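Report on the structure
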Amino acid sequence: MDLAALREQQLDLAAKVIREDRLDQDPPRLIAGADVGFEQSGDVTRAAFVLLSYPSLDLVEYQVARMATAMPYIPGFLSFREYPALLEAWSMLSQKPDLVFVDGHGISHPRRLGVASHFGLLVDVPTIGVAKKRLCGKFAPLGDEPGARAPLMDKGEQLAWVWRSKKRCNPLFVSTGHRVSLDGALTWVERCMAGYRLPEPTRWADAVASGRPAFKRLQAIGR
DNA sequence: GCGACAG
DNA sequence: ATCTTGTCGC
């Protein structure tokens, strides 16, 4: 792989990312959560999508796709490793969501093209990046109280909101993926919380993508 | 030159 | 990301 070429591609695509939205004018009825995991020592990439109805947040559908891993993990180039499987799982959905929560950063990336932005551009759907760790940028220490927030700054611009979603939990990094504003991203994440550190779409996608127990009781499927 | 570094 | 049980703290 030619990182210099991929880097050019990122700058090119980043220029096309739309950092605003009109989600409040016409609220999403279906919100998706997307996550990627690996099997066979990393040889197989497993992507999962879950669809939740909004505002009930009931699980409506989920799909999992598996394929040979395309690339190794290189910080700053995560999207090239994950988007092929994400596109596959996306194509398996019987209906498409109005908004997607992607596990990872959106524009809070060195070249402003994290996986949430990259994927959003590819399918031209509003996306929000929800990451658990910082990739770039700086932020002031957060207060202990839930709801505490601080702007993630890099080269003079705000790239995300560092937000404490729950008491005694590390903060989340919420950013614009595509077709969503920075404040809108945090607003929609706040609207999808249900008492856990991660918003429901992300939490479910995580459970499905890593085949965990919390997923055994396919809770609201079919209701 | 020395760290930092999504999943 | 993944390998993995119990355990400390609120």
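Residues numbered from 1 in each chain as written. Chains lettered and ligands numbered in written order. Predicted model: local features only at pLDDT ≥ 70, side-chain atom pairs only at ≥ 80, totals over all residues. Heavy atoms only, no water.

1. A look at the protein's contact with DNA strand B
What counts, and what does not: Nearness is judged by heavy atoms alone; a residue qualifies as near a molecule or strand once a single heavy atom is within 4 Å of it. Pairing of N or O atoms within 3.5 Å defines a polar contact, subject to two protein rules: one partner must be a possible hydrogen donor and the other a possible acceptor, and residues neighboring in sequence count only if both atoms are side-chain atoms. The helix count covers DSSP runs of H or I at least four residues long, the strand count covers runs of E at least two residues long, and both are numbered beginning at the N terminus. Residues are sorted three ways: Asp, Glu, Lys and Arg are charged, Ala, Val, Leu, Ile, Met, Phe, Trp, Tyr, Cys and Pro are nonpolar, and all the rest, Gly among them, are polar.
Neighbouring DNA strand B are 19 residues, the closest being Tyr73, Gly76, Leu78, Lys132 and Arg134. Sugar plus phosphate: this is where 50% of the atoms of DNA strand B within 4 Å of the protein reside. Within the side chain of histidine 105, one N or O atom sits 3.3 Å away from a sugar or linking oxygen of DNA strand B. For DNA strand B, a base nitrogen lies 3.3 Å from a polar atom in the backbone of valine 115. Elements represented by at least two residues in the surface near DNA strand B include exactly β1 (30-39) and α2 (78-92). Looking at which element gives the most residues to the surface near DNA strand B, the answer is α2, with three residues. Taken together, the residues that form the surface near DNA strand B break down as eight nonpolar, four polar and seven charged.

2. Some remarks on the sheet that holds strand β5 (residues 127-131)
Basically, it comes down to this: For two strands to pair, DSSP has to find at least two bridges joining them. Axis lines are fitted to C-alpha atoms, over the contacting stretch for helices. Their N-to-C directions set the angle, which ranges from 0 to 180 degrees.
Strand order in the open sheet made by the eight strands is β3-β2-β1-β4-β5-β8-β7-β6, with mixed pairing throughout. The open sheet is flanked by β3 (59-68) and β6 (149-154), the only strands paired with a single partner. Within the sheet, the average angular offset between the axes of one strand and its neighbour, ignoring direction, is 25°. Bridge analysis of β1 against strand β4 (residues 99-103) gives four bridges, and the strand direction is parallel. Note that in β4 the partner of alanine 34 across the bridge is valine 102.

3. Side note on the UniProt feature "binding site: Mg(2+)" (unreviewed entry) in chain A
Rules: UniProt positions are given in the numbering used here, feature names are shortened, and annotations may be inferred rather than shown by experiment. When accessible area is computed with a 1.4 Å probe and restricted to protein chains, residues below 20% of their type maximum are described as buried, those above 50% as exposed, and intermediate ones as partly exposed. Contacts are residue-level and defined by heavy atoms, with any inter-residue pair within 4.5 Å sufficient.
According to UniProt, the "binding site: Mg(2+)" (unreviewed entry) feature falls on Asp35 and Asp103. Taken along the chain, the residues just named run across 69 residues; in space they keep tight, none of their C-alpha pairs more than 5.4 Å apart. Structurally, the position occupied by aspartate 35 is in strand β1. Under the relative-accessibility criterion, aspartate 35 is labelled buried at 9%. Excluding residues within four positions of it along the chain, aspartate 35 makes contact with Arg46, Ala47, Ala48, Leu86, Asp103, Ala205, Asp206 and Ala209. Secondary-structure assignment places aspartate 103 in strand β4. If near-sequence neighbours (up to four positions away) are discounted, aspartate 103 is found in contact with Ala34, Asp35, Val115, Val130, Lys132, Thr202 and Asp206.

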